Amino acid sequence: MSISLDGYVARQDGQLDWMTWDQDAKLLDFITRLADTSDTIIMGRKMAPEFLTYWENVVDNEPDNFYSKFAPSMVNTKKIVFSKTLSSIPGRNVEVENGELVEKIKQLKNQEGKDILAYGGADFISSLIDHDLIDDYYLLLNPTAIGKGLSIFSDTKPLRLLDSNAYECGVIVNHFQPREVK
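A short tour of the structure in this document, coming up. Starting afresh in each chain, residues are numbered from 1 along the sequence in its written order. Selection of residues for local features in this predicted model requires a pLDDT of at least 70, selection of side-chain atom pairs for listing and counting requires 80 or more, and totals for whole chains, interfaces and linings are taken over all residues. Side-chain descriptors were evaluated using all non-hydrogen atoms of the structure, hydrogens and water having been removed beforehand.

Turning next to the sheet that holds strand β6 (residues 137-141). Strand order in the open sheet formed by 4 strands is β1-β6-β8-β7, with mixed pairing between adjacent strands. The open sheet has two free edges, formed respectively by β1 (2-3) and β7 (159-166), since each of these has just one partner strand. On the sheet, helix α1 (residues 25-36) packs against β6 and β8 (172-178) and is oriented at approximately 160° with respect to β6. Two strands qualify as a pair provided that DSSP identifies no fewer than 2 bridges between them. Numbered from the N terminus, helices here are DSSP runs of H or I no shorter than four residues, and strands are runs of E no shorter than two. Note on contacts: a residue pair qualifies if any of its non-hydrogen atoms lie within 4.5 Å across the two residues. The axes used here are C-alpha line fits, helices contributing only the stretch in contact, and every angle between their N-to-C directions lies in the interval 0 to 180 degrees.

So, on to helix α5 (residues 122-130). Per-residue accessibility, obtained with a 1.4 Å probe over protein chains only, is compared with the maximum for each type, and a residue is labelled buried under 20%, exposed over 50%, and partly exposed between these values. Taken together, the buried positions of α5 are A122, F124, I125, S126, L128 and I129. Elements in contact with the buried residues of α5: β2 (38-44), β3 (78-82), α4 (101-110), β5 (115-118) and β6. Downstream of α5 by one or two residues, D132 has phi in the positive range, about 55°.

Should a side-chain nitrogen of Lys or Arg be within 4 Å of a carboxyl oxygen of Asp or Glu, the pair is scored as a salt bridge. Considering all chains together, one arrives at 6 salt bridges under this definition. D123 is the partner of K46 in a salt bridge, and the nearest nitrogen-oxygen pair spans 2.9 Å. Taken as a pair, K46 in the loop between β2 and α2 (48-61) and D123 in helix α5 lie far apart in primary sequence, 77 residues in all. What makes K46 exposed here is its relative accessible area of 61%. Taking the relative accessible area as the measure of exposure, D123 reaches 52% and is therefore exposed. Across the pair E97 and K104 runs a salt bridge, and its minimum N-O distance is 3.8 Å. You'll find E97 and K104 in the same group, each marked buried.

Quick look at the packing of aromatic side chains now. Only Phe, Tyr and Trp rings are paired, with Trp represented by its six-membered ring, and only when their centres lie within 6.5 Å; those with planes under 30 degrees apart are stacked, over 60 edge-to-face, the remainder tilted. Summed over the entire model, instances satisfying the criterion amount to 9 aromatic pairs. Centre to centre, the rings of W55 and Y67 are 5.8 Å apart; their planes meet at 90°, and the pair counts as edge-to-face. Residue W55 is located in helix α2, and its partner Y67 is located in the loop between α2 and α3 (71-76); the two are separated by 12 residues in the primary sequence. Residue classification places W55 among the buried positions, given a relative accessible area of 11%. Three or more aromatic residues link up through ring pairs in this structure, and these residues are F51, Y54, W55, F66, Y67, F70 and Y119.

Now for the nonpolar core. Nonpolar core, defined: a set of buried Ala, Val, Leu, Ile, Met, Phe, Trp, Tyr and Cys residues in which side-chain atoms within 4.5 Å join the residues together. Core analysis: the largest hydrophobic core is formed by 28 residues, its most contacted members being L27 and W55. Only α1, β2, α2, α3 and β4 (94-97) provide two or more residues apiece to this core. Among the elements that take part in this core, α1 stands out by supplying 6 residues, more than any other. Contact partners of W55, with chain neighbours within four places excluded, come to Y67, F70, A71, M74 and V75. Counting residues in hydrophobic clusters, the runner-up holds 22 residues, among them V9, L101, L139 and I152.

Okay, the side chain of T40 next. Structurally, T40 is set in strand β2. Exposure remark for T40: the relative accessible area of 6% places this residue in the buried category. For this analysis, a polar contact is any N or O atom pair within 3.5 Å, provided that within protein one partner can donate a hydrogen and the other can accept it, and provided that sequence-adjacent residues contribute only side-chain to side-chain pairs. Only 3.2 Å separates the side chain of T40 from the side chain of D39, close enough to count as a polar contact. Beyond its immediate chain neighbours, meaning those up to four positions away, T40 contacts T77, K78, I80, D115, I116 and L117.

Shown next, in the form of C-alpha cells:
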C-alpha cells in the first residue's frame, strides 16, 4: 500500500494525487514479483470499480503503457470484492463476497494456494488490520507529505521491519510483519 511520509494512504477526500506515479523499472519489477506470489486479490467495494476499469483498459487498449506487462496479472488473477451492498461488480475474474469479512478471510487463508494480496482503500485495509488479518505489510513510502488524510492504522500496531529498499523514483518499500507484544 502506498503511504505518505506523514503516514496517510489518501487525502481526506480519498484523492491519490500525491502518489509517485512515475515509478522506475526496478520498482515495477518488485511489484510484479510480489504480485506473482499471489493467486487472489482482495479489495473493498469502494476501490473495485476504478481498479478493475484501469487494469482492464491497460490490457485492452494501452500496449505502450508503462504497466502493460504488469496489467495482465491484475486482470487475470482472481479478485474478491467485499461488499455489504452489491451482489455483482462488472470485471474479469471478479467475485463479490457479502459474508462476514473476518470469517471469509480466515477461510481464504486456510485454503491451498499462493498468497492473498490486499488492495484497498483506507477503510477496507483498516478492517483487515484491526482484526489481525495481515501477515505481511508492504508499505510503499512516497516522498511526499500531505498534512492531513486517511490512515490505515486506528490504534497502536507494533511491527517488525524485515526489509527496506529505496528506488530511483524516491519510493522506499518497507516490508513489515506484526510483532508480538510481550
